[in-house]
Structures are given as C-alpha cells and as structure tokens.
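Read off the chains here:
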Amino acid sequence: MSSNTLNHCLPQRALNRIQANSLPNNSNQLQFHGKKLSLSTIKSFRPRNQKLGMVTCAILAADRASEMTNKFNLGSNFELEIGVISPGENCLTEINLKVTNTNNSFVLHWGAIRAGKKEWILPSRRPEGTKMHKNRALRTPFVQSGSDSVLKVEIDDPEIQGIEFLIHDEAQNTWFKNNGENFQALISSAESSSVDISNITIPEDLVQIQAYLRWERNGKQMYSPDQEKEEYEAGRRELQEEVKRGLSLDQLRAKLTKKPEKSESVSKESKISPNEIPIDLVQVQAYIRWEKAGKPNYSPEKQNEEFELARKELEEEVNKGTSIEDLKKKILKGNIKNKVSKQLKSKSYFSVEKIGRKKRDVMQFLTKYTPQQIVEQKPYKSPERTPNALDFFSKAIEANESYVVLNKKVFKIDNKELMVIVSNTSGKSKVHLATDYEGPLILHWALAKNPGEWQAPPASVVPPGSTVLELACETPFNELSLDGFAYKSIEIEIDEGNYKGMPFVLRSDGNWINNIGSDFYVEFSGDSNERKKDAGDGMGTAKGLLDRIAELEPEAERSFMHRFNIAADLISEAREAGEAGLAGILVWLRFMATRQLVWNKNYNVKPREISKAQDRLTDLLQDVYKSQPQFREIIRIILSTVGRGGEGDVGQRIRDEILVIQRNNECKGGMMEEWHQKLHNNTSPDDVIICQALLDYIKSDMDVNVYWETLKNNGITKERLLSYDRAIHSEPNFRRDQKDGLIRDLSNYLRTLKAVHSGADLESAIATCMGYKSEGEGFMVGVKINPISGLPSGFPELLQFVLEHVEDRSVEPLLEGLLEARAELRPLLFSSHDRLKDLLFLDIALDSTVRTAIERGYEELNSAQPQKIMYFITLVLENLALSSDDNEDLLYCLKGWNQALEMLNKNDENWALYAKSYLDRTRLALASKAEAYHHLLQPTAEYLGSLLGVDQWALNIFTEEIIRGGSAASLSMLLNRLDPVLRSVANLGSWQVISPVEVAGYIEVVNELSTVQNKVYRKPTILVAKSVKGEEEIPDGTVAVLTPDMPDVLSHVSVRARNSKVCFATCFDSGILDEFQGNKGKIFRLKPTSSDIIYSEISESELSGPSSDKTDDLSSPSLTLVKKKFIGKYAISAHEFTNDTVGAKSRNIAYLKEKVPSWIGIPTSVALPFGVFEKVLSDPINKEVAQKIKSLKEKLAKGEFDYLGEIRKTVLELSPPPQLVEELKEKMKGSDMPWPGDEGQNRWEQAWMAIKKVWGSKWNERAYFSTRKVKLDHEYLSMAVLVQEIVSADYAFVIHTTNPSSGDESEIYAEVVKGLGETLVGAYPGRALSFVCKKNDLNSPKVLGYPSKPIGLFIKRSIIFRSDSNGEDLEGYAGAGLYDSVPIDEEEKVVLDYSTDPLVMDSNFRQKILCGIANAATEIENLYGTPQDIEGVVKDGKIFVVQTRPQM
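Reading the values: rules and limits
- Residues numbered from 1 in each chain as written.
- Predicted model: local features only at pLDDT ≥ 70, side-chain atom pairs only at ≥ 80, totals over all residues.
- Heavy atoms only, no water.
- Helix = DSSP H or I, 4+ residues; strand = E, 2+ residues; numbered from the N terminus.
- Buried < 20%, exposed > 50% of the residue type's maximum accessible area, 1.4 Å probe, protein only.
- Areas by Shrake-Rupley, 256 points an atom, 1.4 Å probe, with all protein chains shown as cover.
- Disulfide = S-S within 2.5 Å.
- Axes fitted to C-alpha atoms, helices over the stretch in contact; angles between N-to-C directions.
- Parallel < 35°, antiparallel > 145°, perpendicular 65-115°, else oblique.
- Left-handed = near helix turned anticlockwise from the far one by under 90°.
- Contact = heavy atoms within 4.5 Å.
- Nonpolar A, V, L, I, M, F, W, Y, C, P; charged D, E, K, R; others polar.
- Expected span 1.5 Å × (residues − 1).
- pLDDT = per-residue confidence, 0-100.
- Arc of directions from axis to C-beta.
- Pairing = 2+ DSSP bridges.
- Salt bridge = Lys/Arg side-chain N within 4 Å of Asp/Glu carboxyl O.
- Phe/Tyr/Trp six-rings, centres within 6.5 Å; stacked < 30°, edge-to-face > 60°.
- Polar contact = N/O pair within 3.5 Å; in protein donor to acceptor, adjacent residues only side chain to side chain.
- Core = buried A, V, L, I, M, F, W, Y, C linked by side-chain atoms within 4.5 Å.

Further remarks concern the overall build of the protein chain. Check the secondary structure of the protein chain and you find 44 helices and 47 strands. When each of the 1448 residues of the protein chain is scored for burial, the buried share is 54%. Entry remark: accessible area of the protein chain is about 65,000 Å², with carbon and sulfur atoms responsible for 47%.

This part covers the state of the cysteines. Enumeration over the complete set of coordinates arrives at zero disulfides. Not part of a disulfide, Cys-1411 finds its nearest cysteine sulfur in Cys-1333, a span of 6.2 Å.

Our focus in this paragraph is the packing of helix α26 (residues 836–856) against helix α32 (residues 967–985). Following both chains from N to C, one finds α26 and α32 inclined at 30°, their axes separated by 9 Å at the closest point. By the angle between their axes, α26 is roughly parallel relative to α32. In this structure, α26 crosses over α32, and the sense of that crossing is left-handed. Taken together, the residues of α32 that come into contact with α26 (itself represented by Asp-847, Arg-851, Ile-854 and Glu-855) are Ser-967, Ser-970 and Leu-974. Taken together, the residues of the contact of α26 with α32 break down into two nonpolar, two polar and three charged.

Take helix α35 (residues 1144–1155) next. In this model, α35 (twelve residues) spans 16 Å end to end at C-alpha, consistent with the 16 Å of a helix rising 1.5 Å per residue. Those residues of α35 not exposed but buried are Ala-1144, Lys-1145, Ser-1146, Asn-1148, Ile-1149, Ala-1150 and Leu-1152. Where α35 is buried, its residues touch β36 (1165–1168), β37 (1279–1286), β43 (1358–1365), α44 (1403–1424) and β47 (1438–1446).

Low-pLDDT stretches of the model should not have their predicted coordinates read in fine detail. Per-residue pLDDT for the protein chain averages 83, and the proportion of residues at 70 or more is 87%. Confidence drops under pLDDT 50 across residues 258–270; counting only partners more than four residues distant or on other chains, this segment forms 22 contacts. Low pLDDT, under 50, characterises residues 371–380; the predicted model gives this stretch 15 contacts beyond four residues in sequence or across chains.

Before going further, it helps to examine helix α4 (residues 249–256). Residues Leu-252, Arg-253 and Leu-256 constitute the buried set of α4. All buried residues of α4 project into a common sector of 100° when viewed along the axis, lining one side. Set apart from the buried face of α4 by more than 90 degrees, the exposed residues are Asp-250 and Ala-254.

With that settled, the discussion passes to the sheet that holds strand β34 (residues 1132–1133). Here five strands make up an open sheet; going across it, the order is β34-β36-β37-β43-β44 and the pairing antiparallel. Two strands in the sheet have a free side with no partner beyond their single neighbour: β34 and β44 (1382–1383). In this sheet, β37 lies alongside β36 in antiparallel orientation, the contact comprising four bridges. Bridge pairing in β37 links Ser-1165 to Gln-1284. Packing of α35 onto the sheet brings it into contact with β36, β37 and β43, and relative to β43 it is tilted by some 120°.

Tallied over the entire structure, the rule returns 79 salt bridges. Between Lys-330 and Glu-317 there is a salt bridge, and its shortest N-O distance comes to 3.5 Å. In this pair, Lys-330 sits in helix α8 (residues 324–331) while Glu-317 sits in helix α7 (residues 300–319), placing the two residues 13 residues apart along the sequence. Residue Lys-330 is classed as partly exposed on the basis of its relative accessible area of 47%. A salt bridge links Asp-979 to Arg-923, with the shortest nitrogen-to-oxygen separation between them at 2.9 Å.

Turning our eyes to something else, we now look at the environment of Asn-1148. Within the secondary structure layout, Asn-1148 lies in helix α35. In sequence terms Asn-1148 and Phe-1137 are eleven residues apart; their C-alpha atoms lie 9.3 Å from each other. For Asn-1148, the residues in contact, after removing those within four places along its chain, are Tyr-1424, Thr-1444 and Arg-1445.

What follows deals with the packing of aromatic side chains. For the coordinates displayed, the defined rule picks out 35 aromatic pairs. Ring geometry for Tyr-707 against Trp-708: centres 5.2 Å apart, planes inclined by 75°, an arrangement best described as edge-to-face. A single burial state applies to Tyr-707 and to Trp-708, both of which are buried. Taken together, a centroid distance of 6.2 Å and an interplanar angle of 25° make the contact between Trp-1244 and Trp-1248 stacked. One end of the pair is Trp-1244 and the other is Trp-1248, both in helix α40 (residues 1241–1256) and four residues apart, which spans about a single turn.

Below, the discussion takes up the side chain of His-444. Along the chain, the position of His-444 falls in strand β17 (residues 442–445). In this structure the side chain of His-444 is engaged in a polar contact, spanning 2.8 Å, whose partner is the side chain of Glu-474. Other than its neighbours up to four places away in sequence, His-444 contacts Trp-454, Leu-469, Ala-472, Cys-473, Glu-474, Pro-503, Phe-504, Val-505 and Trp-512.

Attention shifts here to the nonpolar core. If you look at soluble globular proteins, the nonpolar side chains tend to sit buried side by side. Of all hydrophobic cores here, the largest spans 162 residues; its most connected members are Trp-588, Phe-591, Trp-897 and Ile-1413. Here the element with the most residues in this core is helix α29 (residues 911–948); it accounts for 17 residues. Apart from the residues within four sequence positions on either side, Trp-588 is in contact with Ile-549, Glu-553, Ala-556, Arg-563, Ile-566, Ala-567, Leu-570, Leu-597, Leu-944 and Leu-948. Counting residues in each nonpolar core, the second largest holds 46 residues, with Ile-1207, Leu-1214, Val-1283 and Ile-1384 among its members.

A few words on the sheet that holds strand β15 (residues 416–425). The strand order β14-β15-β16-β21-β20 describes an open sheet built from five strands, whose pairing is antiparallel. Bordering the open sheet on either side are β14 (404–413) and β20 (478–482), each of which pairs with just one other strand. In this sheet, neighbouring strand axes are inclined to one another by 30° on average, regardless of whether the strands run parallel or antiparallel. Sheet topology places strand β16 (residues 428–435) next to strand β21 (residues 485–494); seven bridges connect them, and they run antiparallel. Among the inter-strand pairings, Lys-430 is bridged to a residue of β21, identified as Glu-493.

Right, let's talk about the packing of helix α28 (residues 888–905) against α29 for a bit. When two helices pack together, their arrangement is given by the angle between the helix axes and by the axis-to-axis distance. Two elements in contact, α28 and α29, have axes whose closest approach is 9 Å; the angle formed by their N-to-C orientations is 160°. With respect to α29, the axis of α28 lies roughly antiparallel. Classified by chirality, the crossing of α29 by α28 is left-handed. Across the interface between the two elements, Asp-889, Leu-890, Tyr-892, Cys-893, Gly-896, Trp-897, Gln-899, Ala-900, Met-903 and Leu-904 of α28 pack against Trp-911, Tyr-914, Ala-915, Tyr-918, Leu-919, Arg-921, Thr-922 and Ala-925 of α29.

The next thing to look at is unusual backbone geometry. Residues other than glycine predominantly adopt negative phi, and peptide bonds predominantly adopt the trans conformation. Its identity as a non-glycine residue notwithstanding, Lys-1061 has a phi of 55°, on the positive side. Within the secondary structure, Lys-1061 sits in the loop between α33 (1052–1059) and β31 (1063–1067). The residue Asp-1232 is not glycine, and still its phi comes out positive at about 60°. Within the element layout of this structure, Asp-1232 appears in the loop between α39 (1218–1230) and α40. A relative accessible area of 69% means that Asp-1232 is categorised as exposed.

Moving on: the pairing of strand β32 (residues 1083–1088). Burial runs high along β32: five of the six residues are buried. Here five bridges tie β32 to strand β33 (residues 1093–1097), and the two strands are oriented antiparallel to one another. Note that in β33 the partner of Arg-1085 across the bridge is Ser-1096.

Below, the discussion takes up the environment of Leu-621. Counting through the fold element by element, Leu-621 comes out in helix α15 (residues 607–627). Taking the C-alpha atoms as reference points, Leu-621 and Arg-632, separated by eleven residues in sequence, lie 9.6 Å from one another. With sequence-adjacent residues up to four places away left out, Leu-621 is seen in contact with Ile-571, Ile-635, Ile-638 and Leu-639.

As a further point, take the environment of Leu-80. Following the sequence through the fold, Leu-80 ends up in strand β4 (residues 78–85). The class of Leu-80 is buried, set by a relative accessible area of 0%. Separated by 87 residues in sequence, Leu-80 and Ile-167 have C-alpha atoms that sit 9.7 Å apart. When near neighbours in sequence (up to four residues on either side) are disregarded, Leu-80 contacts Asn-70, Lys-71, Phe-72, Leu-74, Lys-98, Val-99, Phe-165, Ile-167 and Phe-183.

In this section: the pairing of β43. The buried count for β43 comes to eight of eight residues, which makes it a mostly enclosed element. Burial along β43 is two-sided: Ser-1358, Ile-1360, Arg-1362 and Asp-1364 and Ile-1359, Phe-1361, Ser-1363 and Ser-1365, pointing in opposite directions, are all buried. By the bridge criterion, two bridges tie β43 to β44 in an arrangement that is antiparallel. For Ile-1360, the partnering residue across the bridge sits in β44 and is Pro-1383.

Right, dumping it as structure tokens:
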C-alpha cells in the first residue's frame, strides 16, 4: 500500500505523532546540535518522490488513535506537555495537559476555537471545578499528581477545532504564554480534514524559522537525526494548519519575523559570537536590566553576572534575526548612553548616584507664628440673608406640630427657587410645593415605585383642578401670599400605593422647565431629615458656612465646574471664619476627592471650563496662602485635593488630544469611543486612573486583567464606570500592532490629564515648573508653559535627578534628592512669586513622593542596622517639618536625632538612651499634631458629613486618613520599628515600673484615666488606660494602672499609686498592651519587679490576697482635721510659722533656712496664715460674695458638683481689706522681699488675684474629690498662703531620698527639668531627666533617662504664692500637689532645644549639677532623720530648696 493510500485510510480525526519518510543518504539535513542549529545547503533539501510541502505519514493501526504530543519550556523548571488523543468519529477527543514540577496553584484559562472564528466559544462539556470568567473564558484548576499538575479536557463538539489557553500560577500571580501568544491544542474534524494540508505549500525559509522556534521552546535539546527530521516536518505542519485556518503567507511571514529578508540569518550555520556584540551595547543592556531591577546595590560578582546576562540577551536577539543596527535603534534611546558612560567613567560597575546635600542649619526651616501674628478669630456668623416667601412657607410647615418633615429640597429655576417639602401626618405622606417663580405655572407630575418610573396617580390623590393623562397628571399652582410675600403653591396628599417618590417637570407658557436636563425628583423617605438630626449642633465648627455648603451641594453635584466655582465663591466667607472656615472648605473638597460626593449629574461641561474653574479656585487659595501665613498648612492640604487647573488651552487639550489619539492609532470604536464621550462631557480625576490602566494593559501584552487590577487598586469598579453620565461599558481591545503608538500617545495624554486633575503628581508638577511645549496638530491647540524664573542654581538638575531615581528600589538617594529639592524651594514659597501656585504644587508633589518612597523602602529596613533606621527617621522628620506651620518642636527633634546619630557613630555608650528620649519626644510631637488635626477637622467632618449623607465609616476615619496621607504616619512606623532596638541596647525592657505592687484583678480598658477618676469599681480592677497625664486621681477599687503614656515617676498620680499600694507602670511594648486589651474582663495577676512585670491569667478562685480585698470595704478610713482659726494677723514672717499658723510646707522652709549649709539656698518667705481667707470673706466689703458662696456650697453639698467652678470664680470677686494690704506690705519689705505695690497699683492687683486663685483652688475638682474619698471634712480644710520670691531657675528638680520604684533606702531617685518645676509636678507631657545615686557614693550619679519634655516654663524675677493647707501632709494621705501655686506673672512657655543644653550635652556640667542635687538631698534627709520629698531649683549652678516634706 502506498503511503498516500495509507494516509487516506486514517481515521478522519486522527492528527497523530507523524514520522516523515527517511531522507536519501546524500540529502542535505537540518541539524540541531546542543545549542546550535546548523543547516547544510538546505535549499536543495526535498523528501524523495514528494511535492514541496507534501507530508507522507505512516500510522500503525490501533483501537485508539495515537497521540500527538508537544512540549514547551515555561521557564523556572516548568515544562508543559500537550497530548491530543482522537479515538475516531463520534467519540470524545481528549486533550491532556501536564505541567511538571508545580504546586497546587495552577489554573487553565481557556476557550474553544472554531474554523475562521477569532472569538472563543465556551463548550458545555467542561472538567470538574470549571468556573466562568466574565462570560468570556473558562477557568479550570489543574489536579495535582505527585510533583506535576495535570488536566484532561474532553471535546464532543464536531465544530470545535481545538482549545486556546493561557496558564496562570495563582500563588505567584504569574501568567505563562507561548512567546507572547496564546497556547493552542488543535484537533482535526471531519469538516476541516476535507482540506488536505499536504497540498499547502510553505516557503522553506519559514519552515526553517518555525523549526528553530520549536527547538528553542523545547529547551534546545540534542536531537537524533530522526528527531531532527520529525521536528522539521512538525514545524511545516503547524504552518500549514495556520494557512488552512485562513492566515495568508504574508501574514505568516509578518508573524514569524518583522523583516522577511532577515529570516535567512536564522539559518546561517555560523551564529554570531559573543565578541561580535559591541561592548557599549552590552553595557547599555546591563544598565537597562539594572534600572528595571530598581537599581539595587549588587556585589561585584553579581555585577559581572548581570553583564554576561545582558550579553546573552543581545546574542539571542541577533540570532533571531535582529541586526546590530536595529539593536542600537532599539536600546540607545534618549540620553541612556550618556548615563552609562557617566556611570562607568571611573569604575567598572553601576552604583546608585547620590546628590551632595548642602550643610545647612535646620533652624532656617523654622515657621512659628506668635499670637500677635494670628488674627483673633471671632465666632463665625453666616452672612444675613433677607427672608423671602419660601422661608416663611418652610417655617410654617416645620412649626406645625402635626407634621413630621421627612425631606426638604430646594431647586433653582432660573434666578428663582422651587421648594419641595415632604411631610408625614397620621401615616400619610404630603408633598408641599412652593415657588417664587413669576408667571403662570403648571406641575406635570407622576408617582414612582422605582426611580426613573412614571405612573399616573390614582384619582383619590389628584388635587382639584388637575388633568389626569395616560402616565402623568397636570396640576396648576395656586397663587397665595404669606406675611406680605406672594408665592405659588400646591399640596398633594399620598395615602396609598406604597410609592417611593414623585418625578415632575414644570410648564410655563408652553415652555418646559426641568432640573438641568433631567426630571425633578423628590423621595418620600426620611433619610435627609435623619441625617440632619444626627448632625448635632455643629459646635467647634464654622456652622453657618457648613450649612451654606450643604444648601449648595445639589448645585455642586452638577459638575466639577460648578463645585469649584462654588468653592471659589465661598473662600471669602471661609477666610472670615478663620481656621474653622478653611477647615470646612478642606473637609468638603476632601469628601469630593474621596468620591463621597457626586461628581457629575446630568450636566455636560467642557474640560477647559473645569480647568478654568480650578484655576480660579487655586488662585484664591494662593492669595490666602500669601496673606495669612498661619493658615499655610491647611491651604496646602486643600490644594492637594484639587488639581492645578489652568486657563483655556491646558483643559482644552483633554478634549482635543483624545481625538488625535483615536485617529492616529485607528481606535475609534468600543471602549475608546465611550471614554472619549466621557472626556468630552465630564472629565474627572478618574480619567487619570483610566489612562494609567490602559497603559498598564497595553504594556502587559494586552492582558485585560491588568487593566481591571489598576482600576480596582485605585477605587474604580465596573459599577463606577457604568455610573458615569457617559458610561463606559466596554473593555479595551487593541491590536498588537497598535502597541507602540498607543503607549507613546497615552503617556503624553496622561501628562495632560494630570496637569488638570493631579496637583500632587510629581512629573506634571516638575514639567509645569521647568516649562514644556506641546505642539498643536490639526484642530488640536498647542500648549506652551514657560519655565519659572528665579529658581535656585542647579535646581533643574536636582529635579532631573529626582525623576531619574523615582522608581529606584533603594530609596535613600531619592529621599535625599527630594528633601534637597524641598529645602532649595522653601525660600520661594515664602515670597510673593508670580508663579507661587506652581511652586506650591511642586512642593506638595515632592512631599507626597517622600511618603510613597519611604513606604517602598520599608523592605530595605527589615534587616537594617540602627544607623540606617535613624537616618531614615531624620529624613522623614525633616519632610514633616517642611510641611508644618508651627514646626519648632519638630526641628528640635530633628536636631536631637542628628545628635543621636553622631553619638552612635562615635560609639558613645549612652547613644541608645539619648535616642530613646528623642523617640519619645517625637511620638509626643506626632500625638500633639494628630490631636490638633482631630480638634480642627473631625467636628467639621462629622457635622458636614451628616448634612451631606456621607458614609459613617468615612466620617469615623476622616482625620485618621488625612494624617495617614502625610509623613506623620510613615514617621510613626519608623519609630515603632526602632523602639524595641533602642530598649534592648539601653537595657530598658518593656516596662517602667513606677509602683511595684503585686496585685490581681479584672482587666478594664479606658481611653483616659481622667474620665473614670471619680468612678468606684466594685471588683478589684486592673485599668489599662491609653492616656495618663499625671495629675489624675486613681479610682476606688483600682488595683493597677497600666498605660503606654509616660507620666513622671514623681508626678501626682505616681505618688498616689505608691501611697495607695496600687501597681502603676508604663508599658513600652504595644504587643503586650494589645494582649491586655484583648483580655478585657478576664482576671490577671501582676508580679512586678523593679524593671519588669510578670503577668498571667488566673481563675476566679485564685483571686485572693490583699489586693482583692481592697474593694470589700470601699470606704476609706476617715481622717480628722483640726479647724484653724484666724490668729488676728493677716501676714506673718518666717519666725512666726507654727503648727497653728501655717502648714508643713511653710514650717519646713523656715526650719531649713537656719539648718542647711550655706551652699544650699533657701528663699525668703512670709505667709498669709490660716483663717485669713475666712476673715476676708466675712469682711463687710465682701458680704455679697459671702452670700453667693454660701448658696453655691449648699448646692455642692447636694451633690451638684458642677458648682465647684462657680465657687472658684466667685472667690475671685473678693476685695482685700486695707489692713491685709498694709500688713503684707510690712512683712514682705521687712524680709527684704520686693513689694508688688511699689511697681504700681496694677501690679498689686495682679498679686491679689494670685492670692485668691490659691484660696479658690480649695474647690478644684481633683482636690475636692480626693478629700471626699478619705472623708476629710472639707469645711475644716484651711488654706495658708506661702509667699516666696521666685528664683528664675535654669533647672528644677524633685528628689525622693528613698528610691520610690524599688524601695531601696540606700538610693536617691531624682528628676530634673529645664525651667520651672511646674512641668515636673503638673500634667506636662514627656519625661524629665532621671537619675539615681547611691548615698555612699554621691559623686557617681547614674542617668536613667534623658529628658523628652518639649516645653519648659520660664519667668522673670517675680513673687509666687504657694498653697499650704492643713490637709496636705496628713499621715496616710498624700495631699501634696492637690492645690495651686500661682505666680504674679504668667510663665513663658518655651519649646526646648536639648541639643544645646549643657545638662544633656556636657557630661562634666551634668556631673556637677546631679552631684549637687544628690548632696543636698542627703543633707536634708539627715536633718529630719526620715526619707524626704524635696523640691528645688538650680540657678547659675547653685542649688536652692523651695520645700520639703516627708516622703509618702
């Protein structure tokens, strides 16, 4: 039987593994050897007795047809095997797929193909687990078989010619393709086999290329001569099949090679050698690889490896037919050759370039606005509007108690208004319409159960005089008057039908009036009113302005043009309202930017009209930035939510350029046409994302999943695309030959879109400042932006550096470049530059890029040394300071971090302890900034958001998201990363134990200790309090307080905890605190040591011991006070201080003055003794005040504690008896103290006010509740006033002569602050410098912690009036610090710079001061013979003690 006869006897659907006839011995052969393909005079190669292109096959008979198998190398050790088994007519064809060496995450993305059809069909017969994908493809998971993944697809449809597919590794999100094309597994059918492919002639040069490609795909294996022939003919058959499916030879040639004549080069026996690739091309290719990898810091070995890989890539290109000249054209683009030569000028490898940052004093970045510079803000009052008829109409309905208003809307009709109010009465809805429109007016209306629906109303609800039509009803308006105002009105009562709303239009003199191109519509629901109810009273906001914004929102929804113009119109009002007003504009525009508000509603607007409105708004914001510098930070945030805009041409190009793109790239239909319509009628910031998504899709070789992924990651869903007035229904579907042109044109178009919509886009902002020119084309206008004049020298090169490194994986050089650019730009931002707005947008873009870069750089820090993390902290801190208005504290933090880095580099043993203090201070600065933002923005967001119906979740996180969008969030993350490192190096552990008491109790979580300080817990309670300031009381029933806050060890609450035997500790580890919070309600036992707490959960039966018994009797033991009497003197000298005249504070000072050595200073003192307050109150000149206080005290006795503040205010109304003034003057002058009255009457009045404030502090909340807790008779509490001359202190200190944390009597513990001691004993945030010192070695103090308090208090030479009650030093009761001490002069708050403070930076000076404090402590303890709590100050190196008391 001849081979042809045998071939015709094959089953119709058998495409089997074919073996070609052996070639004659003398024939030329195609040979595959290792990694070379050689061909010896192939042109004369022909199988004997066969036409060119004819294939003669020999098939063995079998029950099943044999299998056709193809193999493909997928890379990464994966290989794909495709086997097709065709058992004969009317039976199933099997397509067996196997991927080797895989995990269980591979999915087949596939569809079936038919002859002459490009579109996939989705067969009904599908493997198990198959899912539909967007109605366009099927997705079937592979089945794991050992180390391979296998899948069998059965075909029973005779029209199906095969399947086409991709393979997706879901675990790695990797797609596998066949050289950029889909894989195909082809079968033959009865119909298709009627065409004999052996009669299709394929040019031999194409067969050679196809055979080579097959050899490459199969891993360039070593073939036997028989395998070589088989592969060659298999390549021919594949091409014959392609032609059979309708592909022309020209198309086939274009597919295999761009330049047909180059195909000959593939068949050359001698391939190009490595030495023939020019070295400069290898260098450029290596550079391109390095750039794509993110410019990593490669080792020398890796660099060499990269150069060799680059060489091989170029060799492969040449071996595929690309000439050296074409390679040059392909890779030598732009100035890449210059970049490479610059890199390799003095070295043989690539490295990341770094700019040289200028050395500058960071304090030149200081922005600080004194109170005189800040215009005092008056309460905002909305501009008065003359009431009209509709106002009276609305009030009349809202005042009617039988009506419950459900909805209220106001529509514009030309320059008039139409008001629609929906009310409910007795379960029936009533629609009230009123208008001041002049002329005849008819309401054309219907009812709707669904939006967009028109149904004629039932006869029962039709008002008299109406005409019912087929789908609607027409009702004339009635002419009425109210309070002298004429208006027109209709009322419609709806009592049936379950209708949801009412659509309507108006007709006047034959003219139809609608709502900007669509129907009017009013809902019958109560959503709008409910939102108003939830809005609250708008306290802390510019309420009038916010109400106005809410009123104008329906107009603003029409388009961005309307919104930006309305915002521009409101800027003047906002400025008048001050910071709160600008906060209102910010919140409103932020709601817009985050898509919480409608962007466009039934209104077509040209892009140039939008950009013009943006331009107007941003010009006005620029004016506020110039004229009111204290608002610059908030103006920056507003600008970042609004695009730059621009007059005319920039916006017009959005409209024109898309048409040119469509024309030049032949993409006028489908998705591009839908997008074009949207761009023409309502362009928005979404278009920037859509354009980027298209670019990503094209660059991914037209993978539409990439398009959707980009949209999704930026908040655009399919539903949003469909929601546009000009909806986008279609997906992009471009041809591969359109790729280069579309990438070029859409990249340019993206710049145009960003120029209008993206204020914070770096590339767009730089282009605007550097200047650019876009030529016109046909109808498309040209744009020319001139470069900004007056830029610093070298600034363009600096910006170019930033652009070149913006995608680098190693972000440090980029961060340095960004910050250098911001530093150089800063002086111009404080000038009156004519292009200030463009400079602002550039600075905002640089700021934003710092944040995105640092987030990208987190991975770089995973295994980084502390130096690297600390350096990143300095960079981000500098960036935050450059964006902040009041940045003094941030700049001092920056100086401290720079100092810490220097200490680390010098191996200073205290570097970690010092850095920890600045970490704590920086956290305080961030917390303060967050609190200020929250105070300014959150009330406005909640009030306005409620008016506008913004989603509650968006309101809850509003301020948090503003903060997250800046550098503060990035800085916080860096601090969190460094904190455990510092604690480990400095041996600080996770806890600072302030009061080490072993306890057990139920865990309770609170935000602030102050909110529960008057609460009584009935069970032993461990409080986890997020905020503890330092002057709170500890609630009854509390056995422990755990907090992340850092109150001073000697603060009031710390002393209270130790005296009350309450465990009190600061926890530095957020993980531990989270664990406690997660165990709320459970019982835990705490076992503290001096530096750690061991904790464990216990059962209720284990809850026993002293701590658990504390709540058995919540009443504290009563303490008795002896009532003090007036001794007949208004003022006394120190030698008259006795137990009957003054408290322990005054007596101790008098005692010390005569006993301590001269090197310890004791200030001179006099006092207003016990009973003076009561005497002054009983004086006839204060009769009315006395009666008022008596009345208030009676109310207080009834538990009306709000009157405590009223009593304090009333005390300030007291007048001084003349004898008091004379006696105090005599005593003060007699003690060589300055008399305030000598400086004028006003000075004496200041002193008298200070005395009254001390007396009034008897009724401060903390003191009052503290005395109640221990059942002290408040009436018996007497207040003497100790008068001392203030030492204008350099430092202040508090000493406990027994270490309060450990109870070690041999060790002194002390805390020191800069300035006055009020920051130490009051609730000022941050830590003091703390140290311990052994009493047997007073010259060796050990610093435990450096200071982190940001504020110091300073005062000129003055007088202070100190509280000295008879209830402060009772045994078992710590009353110290409960009452106020008041200086005549107000202290000046100063932001502290510890980097210049000798106590911190000069070890010799620090040693001297701390030793002096320790020695003074020992002297005073020895005097009394018991542990002492001592307060004092340091002035010019001399130690002064201002008071001492027994340590509690």
